[in-house]
Amino acid sequence: MPAHHGQHRVGGRDVVVLGRLARTGARLVDRVQFHRQQGRVHRGRISAAHGTIVRVSLWRAPLAESPVHATVTLPGSKSITNRALILAAIAAGPSTVTGALRSRDTDLMIDALRALGVGIDEVDGSPTTLRVTPGPLGAATVDCGLAGTVMRFLPPVAALADGLVSFDGDEQARTRPLGTILEALRGLGVSIDGDGLPFAVTGHGAVAGGEVTIDASGSSQFVSGLLLSAARFERGVTVHHDGTSVPSMPHIDMTVEMLRAAGVRVQTPADGEANTWRVWAGPVTAVDWVVEPDLSNATPFLSAAAVTAGTVSVPLWPSSTTQPGDAIRGILTEMGCTVSLHDSLLTVTGPTTLRGIDVDLHDVGELTPTVAALAALADSPSTLRGIAHLRGHETDRLAALSAEINGLGGAVTETEDGLRIEPRRLHAGTWRSYADHRMATAGAILGLVVPGVDIDDVGTTAKTLPGFEKLWETMLGPIGAPS
Ligand SMILES: O=C(O)C1=C[C@@H](OP(=O)(O)O)[C@@H](O)[C@H](O)C1
Ligand SMILES: C=C(OP(=O)(O)O)C(=O)O
């Protein structure tokens, strides 16, 4: 159904589309080069999710004309929400997920599980409190969008279904590494047609399971995906990693911790066998999950304090967590910020000048766009290392960050496994997001102190943080005037 140019209501605003939009399946595909919004013509895209136009590009990142002082409450963690949903879906009885994130990635997970036969209901009309009732799993069509957690955590669940489960996702998702987990599942007795998106799993209601060796250096999600469903495999699973080191280990720790909370027996490399994880077959206990705030999504807000010599606090910061976002405390401290955590309130106060940093982000790759933006505003060079696997994230983040920072006058070079960032005076320009939520938020950090940064497709932040612009503008309060 094509949606032609003309008057549209987008995000509560009137937009005149000067190009043409075409709808394919559930997605509205961008064909627009120009659109007029509030009397001004913009070059850029109109993107969409769930069949509804949701955002308009370009967004002028607000400039902070004085230090930012704010307290910002973040919604739930994407990684914890999607794990809780998977575990609840294969549990022995109904579970509740409280504080669930509702965003594109988590809604794709909810839609997929519902299509497979799982009951997921909002409790008392609250979108963030979900009652998950396992049911017989059957044939379904799954849209993965651009979500790594959906494309890697769900195929093992699909293998437990009775029927054909077809997977597809965004065009851009088709280049993300996926073959490793599909090949591993084949090795565990699952019938799969395809080596990447689109692909189909023919479930027979049971999976043999057993032992498999994979190279998980491309993504920790290959390991997490196999472990999450493995208790429901007849022989459980033993995953051996053979390759260079596995990135994002805290995310595997998160998987293990949540499995153990659900009564599943798990053995990790820390228990003795190098590069090996083992999950024993057995019931997955229904758990009432309480989701922590998303600490990775907190990092751009904390950065607002760092780059404006302001103070930003985030409540409900866990005292102990497997979320990699917690590492921002050490990073900001090293760059010259004052960081304190008292009574679950994390507070960051920025220095007058931010220092560059030499840091290995292998375990916490999610933080790279934030750290790169901070480094571009520091007074000395930075080196970000250990993050070659970011080339397989939402976009090639190393290429995207260097192209966009350099586009604003920066001096970034890509290394084999990271970025070298030299401080430069940055200037106005368009910041492309590449459909990557964390690219968009990195651009917003720079726009706080660089006048005239226009972010293309800021709506892509809905992948994990819908309403980002509003939260950002609220944080800035009356001082955050459009430049
Ligand atoms: O398991 C998870 O929830 C995640 C694991 C990490 O993936 P990689 O290991 O592919 O970096 C991380 O970057 C991603 O945002 C979320
Ligand atoms: C890499 C990320 O996401 P995904 O879960 O899609 O891999 C991310 O959120 O930074």
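Scroll up to find the structure this text is about.
As the structure is a computational prediction, the values presented were derived from the model and not from experiment.

Draft legend 1. Inspection of the pairing of strand β23 (residues 311–314) at higher detail. Two strands pair when backbone bridges link them, and strand β10 (residues 69–71) and β23 are joined in this way by 3 bridges, in the parallel orientation. Within β23, the residue paired with A70 across the bridge is V312. Judged from the 4 bridges that link them, β23 and strand β25 (residues 345–349) form a sheet pairing that is antiparallel. Note that in β25 the partner of S313 across the bridge is T347.

Draft legend 2. Summary view of the pairing of strand β27 (residues 382–385). Here β27 shows a clear split, with S382 and L384 buried on one side and none of T383 and R385 buried on the other. Alignment of strand β26 (residues 358–360) against β27, held across 3 bridges, turns out to be parallel. When the bridges of β27 are listed, V359 appears paired with L384. Note on the crossover from β26 through helix α9 (residues 368–376) to β27: the handedness is right-handed. Note that β27 and strand β29 (residues 418–422) share 3 bridges and pair antiparallel. From the neighbouring strand, L384 faces β29, where its bridge partner is L419.

Draft legend 3. Quick look at the site of ligand 1. Among the 13 residues in the neighbourhood of ligand 1, the closest are listed as S79, S219, S220, S248 and H251. Going through the elements one at a time, α3 (148–158) and α5 (221–230) are the ones with two or more residues in the shell around ligand 1.

Draft legend 4. Inspection of the sheet that holds β29 at higher detail. If you walk across this open sheet you meet the 4 strands as β26-β27-β29-β28, and the pairing is mixed. Of all strands in the sheet, those with a lone pairing partner are β26 and β28 (411–415), marking the two edges. Strand-to-strand, the axes of this sheet are offset by a mean angle of 10 degrees, without reference to chain direction. Strand contacts of helix α10 (residues 397–407): β28 and β29, with the helix running at about 165 degrees to β28, the strand carrying the most contacts.

Draft legend 5. Molecular detail of helix α2 (residues 104–116). Its 13 residues place the ends of α2 18 Å apart at the C-alpha level, agreeing with the 18 Å of an ideal helix rising 1.5 Å per residue. Within α2, burial applies to R104, D105, T106, L108, M109, I110, A112, L113 and L116. Directly after α2, the chain includes G117, whose backbone phi takes a positive value near 120 degrees.

Conventions used here
- Residues numbered from 1 in each chain as written.
- Chains lettered and ligands numbered in written order.
- Predicted model: local features only at pLDDT ≥ 70, side-chain atom pairs only at ≥ 80, totals over all residues.
- Pairing = 2+ DSSP bridges.
- Helix = DSSP H or I, 4+ residues; strand = E, 2+ residues; numbered from the N terminus.
- Buried ≥ 20, exposed ≤ 12 C-beta atoms within 10 Å, placed from the backbone.
- Right-handed = clockwise from strand over helix to strand, strands pointing away.
- Near = placed C-beta within 6 Å.
- Axes fitted to C-alpha atoms, helices over the stretch in contact; angles between N-to-C directions.
- Contact = placed C-beta atoms within 7 Å.
- Expected span 1.5 Å × (residues − 1).

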